[in-house]
Protein chains: 2
Amino acid sequence: MEGLVRNTNYRHRVEVCFVPSQYPLYAQDMGIVVVIDVLRATSAMVAAFEHGVDRIIPVSDVEQARPFIGREGYIAAAERDGQVVEGFQYGNSPLAYVGEDLRGKTIVMTTTNGTKAIQLAKGARQLVIGSFLNLTALSEWLLEQDDNILLLCSGWKDKFNLEDSVFAGAVMERLLESDKFGVEEDSSIAAKYMYMAARENYLGILKAAPRRRRIEQLQLLPDVKYCLTPDQSTVIPILRNGELVRMERP
Amino acid sequence: MEGLVRNTNYRHRVEVCFVPSQYPLYAQDMGIVVVIDVLRATSAMVAAFEHGVDRIIPVSDVEQARPFIGREGYIAAAERDGQVVEGFQYGNSPLAYVGEDLRGKTIVMTTTNGTKAIQLAKGARQLVIGSFLNLTALSEWLLEQDDNILLLCSGWKDKFNLEDSVFAGAVMERLLESDKFGVEEDSSIAAKYMYMAARENYLGILKAAPRRRRIEQLQLLPDVKYCLTPDQSTVIPILRNGELVRMERP
C-alpha cells in the first residue's frame, strides 16, 4: 500500500465516508460534500440534468413525491428496494431519462439510499452530486475549490457498498495528484485502494459482488453498464435552497 | 475484482463488519463472532494468554478495572487514546506481557475500542478473539465450525481502520478456500481485496496510513511490528460467562 499518499503539506483534506450513519464522525470541517449513489440515484440525477431537466427536488418520503404524479411540468420519481414504487412511472433508473424531452421540467425524487444521504448532508456549505457519469467534470471542479471535501457514499441500507466506494476512490486519485489535497482517514486510503484494483474493469466490481445476483434478477444490466460508464456529462448538480440545480460555471 | 468469490453453493457465510456501530446490521444469523482490534487490544489478549494468564475480564469502564490495581493475582490494564490510563501499570501493549510470569493470573482490561466491541457482541453463541498473532490457529478452528461467522472490526472510535480490515481479509481468504463458506456482503469482498493488496508487506499498511504519524509520535513501532507478525501463538481466547479463557481443543 505504498505510494498511495504522497502529500504531507496539503492545504485541504479529501476524505471518504462509507455509509450515511457515519456521516457525523466525518463531517466536521468539511465545507463540500459530494453525495454518491452510483446504483442508481446520483447517476439518474446527472442523466436527468444532461437530458434537460431544470431542477430536482430530493425528498425523503414517497408520500412527499406522490402529489406530483401527473402534475404539469413535474416528474414524480420513487424507488424502494430497487423497484419503481407502485403508482409511479419513474424510479431511479437513469435510462428512463435518456431520449426524453425534459426541458423545463422539475423532478421530485425519493430513493432508498441516495436522497436520504442528501437530506443528511444538506447543511454542508456546498453539496454536489457525483457519479461516474460526471467524474471528470466533478473532479476538475473540486480541484479548483479551497475547502475540505467529504465524499459521502450512500451505501445500501446503510451498509458499505463497493461501487460507491470505488467511485470515491476514483475522485480521490484525481484530487491527490494535486499537492493541495491530502488525507487523514483510513477509509480514504481504502477507497483509493479499491479504485486502483477495480479501474481496469468497473463492471468486474459487480461481478465480484454478491449483489450481482439481485441485479441480474431485476434485469438491470443495461442500467448498471450505463451507471459505470464515466464522463457522459459535464453537469454538476448542486443543492440550492433544498433543490438540486445545474451548477453555473464560467 | 474477479476471482475473489468462487463459492456459490456454500453452507455458511463469513462476513466482515467494519465498525462496531454497524454490528446490528450484520449480526443476524451469525453464530460466531470474531472480535478484531489488531492495534492493540486483541493482540495484547493473545499475547497475554500465550504468556500464561488464566483469564481476561474485559470491562467497558476504567473505573471497573481500577479496584484491581495491586490486587493479588490480578493485573489491571486500562488504555484510552493509545495511552496507559494514569494510575495503571498496563495498557493495551502486548509487549508488556512478553517475558512476564503470568501463570494463574487474571487480567481486568478496558481499552478504547476492543473491549467495547466485545461488550457489544457478547450475546453471540461463540465469541472469539482474533489477531495476526493467532491467525492460522484461529482460521483452522473456524474452518471446522458449522455456523455463520462474523469478523467484527473494532475500528478507531467507530471509524473504519485499515489494519483490522486487512486482518479480516486474511481470515476471509483462508475460509473461502473451503467450499463450506461464502459471502453475501460487499464489505467482506472489500476486506479480502485489501488483504490481497497488503499481504506482501503488513507494515506497509501503516506506512500508507496517516495514523502512522500518531503511532510514531507514541513510539509504538516495536508494538506495531509485534502486532503485525502472524502466528506467534496457537491460543484462541473465547468468551465464557463474561470472561475470556483459553479455548480447550483436542
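Residues numbered from 1 in each chain as written. Chains lettered and ligands numbered in written order. Predicted model: local features only at pLDDT ≥ 70, side-chain atom pairs only at ≥ 80, totals over all residues.

Student: Sorry if this is basic, but what is going on with the overall build of chain A here?
Tutor: What chain A contains, in helices and strands, is 10 helices and 11 strands. Expected size for 250 residues packed as a compact globule is a radius of gyration near 18 Å; at 17 Å, chain A falls within 12% of this value. Principal-axis analysis of the C-alpha atoms gives chain A an extent of 55 × 40 × 30 Å. By the burial criterion, 53% of the 250 residues in chain A qualify as buried. Long-range contacts, defined here as pairs at least 24 residues apart, represent 80% of the contacts in chain A between residues at least 6 apart. (Helix = DSSP H or I, 4+ residues; strand = E, 2+ residues; numbered from the N terminus. Rg over C-alpha atoms; globule rule 2.2 N^0.38 Å. Buried ≥ 20, exposed ≤ 12 C-beta atoms within 10 Å, placed from the backbone. Contact = placed C-beta atoms within 7 Å.)

Student: Where do I start with the nonpolar core in this structure?
Tutor: One recurring pattern in soluble globular proteins: nonpolar side chains tend to sit buried together. By size, the foremost hydrophobic cluster in this structure holds 168 residues, and its most contacted members are A:V34, A:L151, A:L152, A:M194, B:L151, B:L152 and B:M194. The contacts of B:L152, once residues within four sequence positions are left out, are B:C17, B:Y23, B:V33, B:V34, B:V35, B:I36, B:A117 and B:A121. (Core = buried A, V, L, I, M, F, W, Y, C linked by C-beta atoms within 7 Å.)

Student: Even after reading the chapter, I still don't get the environment of B:R240, so can you show me in this structure?
Tutor: Residues and elements named next belong to chain B. As for its placement among the helices and strands, R240 is situated in strand β10 (residues 237–240). We classify R240 as exposed; it has 12 C-beta atoms within 10 Å. Once the C-alpha coordinates of R240 and Q126 are considered, the two residues, 114 residues apart in sequence, prove to be 8.5 Å apart.

Student: Would you mind going over helix α4 (residues 114–121) of chain B with me for this structure?
Tutor: Side chains of residues three or four places apart in an α-helix project in the same direction, reflecting 3.6 residues per turn. In terms of burial, α4(B) is largely enclosed, as 7 of its 8 residues are buried. All of the buried residues in α4(B) are B:G114, B:T115, B:K116, B:A117, B:I118, B:L120 and B:A121.

Student: Explain the pairing of strand β2 (residues 32–36) of chain B to me, please; I cannot follow it from the model alone.
Tutor: When a strand is regular, its side chains alternate between the sheet's two faces. Residues and elements named next belong to chain B. Of all 5 residues that make up β2, 5 are buried, and the element is covered over most of its length. Burial of the side chains of β2 extends over both faces: I32, V34 and I36 are buried on one face and V33 and V35 on the other. One ladder, built from 5 bridges, connects β2 with strand β7 (residues 126–130); its direction is parallel. Bridging across to β7, V34 finds its partner in V128. Pairing of β2 with strand β8 (residues 149–153), which is carried by 5 bridges, proceeds in the parallel orientation. The residue of β8 that forms the bridge with I32 is I149. (Pairing = 2+ DSSP bridges.)

Student: Any chance you could explain the environment of B:R11 here in plain terms?
Tutor: With respect to the helices and strands, B:R11 occurs in the segment before β1 (12–17). Overall, the presence of 13 C-beta atoms within 10 Å leaves B:R11 in the partly exposed class.

Student: What am I meant to see in the packing of helix α6 (residues 162–176) of chain B against helix α7 (residues 186–198) of chain B here?
Tutor: The packing of two helices is summarised by the inter-axis angle and the distance between the axes. Residues and elements named next belong to chain B. With their axes 7 Å apart at the nearest point, α6 and α7 run at an angle of 95° to one another. Taken together, the axis directions place α6 and α7 in an arrangement best described as roughly perpendicular. Across from L162, S165, V166, A168, G169, A170, M172 and E173 in α6, the residues of α7 making contact are S188, A191, K192, Y193, M194, Y195 and A198. Per-class residue counts for the contact of α6 with α7 are 10 nonpolar, 3 polar and 2 charged. (Axes fitted to C-alpha atoms, helices over the stretch in contact; angles between N-to-C directions. Parallel < 35°, antiparallel > 145°, perpendicular 65-115°, else oblique. Nonpolar A, V, L, I, M, F, W, Y, C, P; charged D, E, K, R; others polar.)

Student: Sorry if this is basic, but what is going on with the pairing of strand β3 (residues 55–58) of chain B here?
Tutor: All names here are of chain B. Of the two faces of β3, the one holding I56 and P58 is buried and the one holding R55 and I57 is not buried anywhere. Bridge count between β3 and strand β6 (residues 106–110): 4 bridges; the pairing is parallel. Looking across to β6, one finds that I57 is bridged to V108. Where β3 meets strand β11 (residues 243–246), 2 bridges bridge the pair, whose relative direction is antiparallel. Bridge assignment links I56 to a residue of β11, and that residue is L244.

Student: So what exactly am I meant to see when it comes to the packing of helix α5 (residues 135–144) of chain A against helix α6 (residues 162–176) of chain A here?
Tutor: Residue and element names in this part refer to chain A. Closest axis-to-axis distance for the α5/α6 pair is 10 Å, and the angle between their directions is 40°. The orientation of α5 relative to α6 falls into the category oblique. The crossing of α5 and α6 is right-handed. Where α5 approaches α6, its residues L135, L138, S139, L142 and L143 are matched on the opposing element by A170, V171, R174 and L175. Per-class residue counts for the contact of α5 with α6 are 7 nonpolar, 1 polar and 1 charged. (Left-handed = near helix turned anticlockwise from the far one by under 90°.)

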